[in-house]
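Chain by chain, the residues:
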Amino acid sequence: MKDEATFDRILASLHEAALDPARWPGFSAAFDEALGVRGHSLMFGDGESDEEAQIRFLWTCERGERRPDLERLYFGTYYPLDERVPRLRRAPVGRLLHNTEVWTEQELKTSPVYQVFRNHANCADAVNVRLDGPCGSRISWMVHDPIDRDGWSSARLDSIRLLLPHIRHTVRVQVALAKAGTLGMMLENLLDATAVGVIHLDGRARIVAANDRARSLLQTGDVLFDTGGCLFARAPAANTNLQTLLARALPPFGTQGTGGTMTAKRPSGLPPLVLHVIPVAGGSTEPGAWPVAALVLLPDTAHATDVDIAAVAQTLRFTRAESQVAVLLARGLSVREVAAATGRRVSTVRSHIKHMYAKHGLTRQADLVRLVHALAGVDGNSPGALYSAGP
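A quick note: this is a predicted structure, and the numbers were derived from the prediction, not measured. (Residues numbered from 1 in each chain as written. Predicted model: local features only at pLDDT ≥ 70, side-chain atom pairs only at ≥ 80, totals over all residues. Heavy atoms only, no water.)

**Section: empty space enclosed by the protein**
Unoccupied space between atoms shows up once a probe the size of one water molecule is rolled over them.
Point 1. On inspection of all chains with the given rule, the structure shows four cavities of 30 Å³ or more.
Point 2. Space inside the largest cavity adds up to approximately 240 Å³.
Point 3. Lining of the largest cavity is provided by 22 residues; of these, Ser 41, Tyr 74, Arg 84, Phe 117 and Met 142 occupy positions nearest its centre.
Point 4. Listing elements by their share of the lining of the largest cavity, those giving two or more residues are β1 (40–46), β2 (54–62), α3 (68–78), α4 (84–89), α7 (112–120), β5 (127–132) and β6 (138–143).
Point 5. The greatest single-element share of the lining of the largest cavity, amounting to four residues, is contributed by α3.
Point 6. For the lining of the largest cavity, a count of residues per class yields 16 nonpolar, five polar and one charged. (1 Å grid on protein atoms, 1.4 Å probe; cavity = no way out; pocket = protein on both sides within 12 Å on 5 of 7 lines; lining within 4 Å. Points joined across faces, edges and corners; volume = space filled by probe spheres on them. Helix = DSSP H or I, 4+ residues; strand = E, 2+ residues; numbered from the N terminus. Nonpolar A, V, L, I, M, F, W, Y, C, P; charged D, E, K, R; others polar.)

Here is the structure:
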């Protein structure tokens with residue numbers, strides 16, 4: 001990255017894109033110019049096996065312009081043939097991989113996918129990276145070839161690494177807003193949303209406005225509350241995380257804030273609350289919403305909040321620990337977030353998931369989530385929760 005001001009400009013455009021995908025080309029233009037690259041492709045998908053993997057969206061941009069022709073060509077013809085896909089699915093999270101690391105030497109000569117990338121998409125010498133998405137999904141980002149002959153300098157690679165957590169956060173916010181049916185809304189219109197809690201903060205982190213769901217959470221006060229117009233989390237550890245996120249999103253004047261995500265435990269075995277903090281560029285992008293400087297989003301992930309852990313345990317023959325993991329996954333948390341929210345190791349959470357798969361003949365996390373969603377509204381103390389589902 002050329003300088004701190006350039007990085008701040010790129011972050012600002014990325015935060016705008018988090019709320020509205022139509023602004024993604026604006027981020028692309030700033031990113032491509034700053035790094036001196038020919039474009040980039042962002043892919044979001046899920047599925048636990050090679051056969052079940054599906055693309056949920058694919059955006060390819062070159063110099064600030066979307067390339068729907070390349071997106072259709074790849075999605076419609078070359079995705080099933082792409083040798084990189086299973087390798088990236090198993091690649092270490094956040095590790096930058098050159099084309100020579102995701103295609104074999106022979107495939108670089110014979111792969112029809114690579115030939116299309118090289119001849120039509122300026123991706124002969126691209127860099128690829130995998131990031132974790134929500135609910136076991138994956139984010140793949142390919143940065144296209146450098147424009148000059150300097151190749152992938154350490155400075156260019158370091159710039160990409162700096163942006164990785166922000167790319168991940170942007171996609172996670174978009175997924176949460178899309179599930180709530182609010183993706184692309186203006187800031188003031190977000191306050192009308194019912195499936196996501198929305199809090200507007202000014203530059204001093206004081207609450208400017210909140211919608212009904214957010215106000216209900218604040219009035220209950222078991223996880224979040226407000227004092228003197230400022231937002232706090234009830235648990236000390238969660239409050240430390242929250243205040244850190246707010247400080248990063250609302251830095252001193254002249255510095256671009258950064259977004260972040262956290263979870264906060266809820267009482268009585270309820271799934272934890274997911275909380276996204278997003279800096280807002282202010283009057284330049286949303287004149288009617290000034291003086292909003294940051295958003296706090298509290299998504300109510302589809303139906304999972306209505307799932308009773310006791311009902312999951314009794315109906316699906318899961319242990320209490322397995323049921324808690326299942327409900328958290330259904331709420332949209334990743335395996336790592338479930339581990340953090342429950343104080344367990346990632347390996348322990350994965351072991352619980354495997355046991356649940358075995359009990360019902362499942363092979364995919366998506367099937368487990370659907371099974372849990374089917375129990376929305378079932379009371380664990382009712383006779384109807386005692387039947388035995390599955391084989």
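**Re the side chain of Glu 71**
Point 1. Relative to the assigned elements, Glu 71 resides in helix α3.
Point 2. Note on Glu 71: relative accessible area 9%, which makes it buried.
Point 3. Once residues lying within four places of it in the same chain are set aside, the contact partners of Glu 71 are Leu 58, Trp 59, Thr 60 and Arg 66. (Buried < 20%, exposed > 50% of the residue type's maximum accessible area, 1.4 Å probe, protein only. Contact = heavy atoms within 4.5 Å.)

**Observations regarding the packing of helix α1 (residues 4–19) against helix α8 (residues 154–179)**
Point 1. Look at α1 against α8: their axes get within 8 Å of each other, and the N-to-C directions meet at 15°. Classed by the angle they form, the pair α1 and α8 counts as roughly parallel. Helix-helix and strand crossings are classified by hand; for α1 and α8 the assignment is right-handed. Counting all contacts with α1, which are made through Phe 7, Ile 10, Leu 11, Leu 14, Ala 17, Ala 18 and Leu 19, the residues of α8 involved are Leu 162, Leu 163, His 166, Ile 167, Thr 170, Val 173, Gln 174 and Leu 177.
Point 2. Classifying every residue of the contact of α1 with α8 by side-chain character gives twelve nonpolar, three polar and no charged. (Axes fitted to C-alpha atoms, helices over the stretch in contact; angles between N-to-C directions. Parallel < 35°, antiparallel > 145°, perpendicular 65-115°, else oblique. Left-handed = near helix turned anticlockwise from the far one by under 90°.)

**A short note on the sheet that holds strand β3 (residues 65–66)**
Point 1. Here we have six strands laid out as an open sheet, ordered β3-β2-β1-β6-β5-β4, and antiparallel in their pairing. Looking at strand neighbours, the two that pair on one side only are β3 and β4 (97–98), the edges of this open sheet.
Point 2. Bridge count between β1 and β6: six bridges; the pairing is antiparallel. Looking across to β6, one finds that Leu 42 is bridged to Trp 141.
Point 3. In this fold α3 packs onto β1, β2 and β3, with an angle of close to 145° to the strand it touches most, β2. (Pairing = 2+ DSSP bridges.)

**Quick look at the packing of helix α12 (residues 309–316) against helix α13 (residues 320–330)**
Relative placement of two packed helices is described by the angle separating their axes and the distance separating the axes.
Point 1. Closest axis-to-axis distance for the α12/α13 pair is 9 Å, and the angle between their directions is 115°. Both α12 and α13 take part in a crossing whose hand is right-handed. Here α12 contributes Ile 309, Ala 310, Val 312 and Ala 313 to the contact with α13, which in turn contributes Arg 320, Ser 323, Gln 324, Ala 326 and Val 327.
Point 2. When the residues that make up the contact of α12 with α13 are grouped by side-chain class, the tally is six nonpolar, two polar and one charged.

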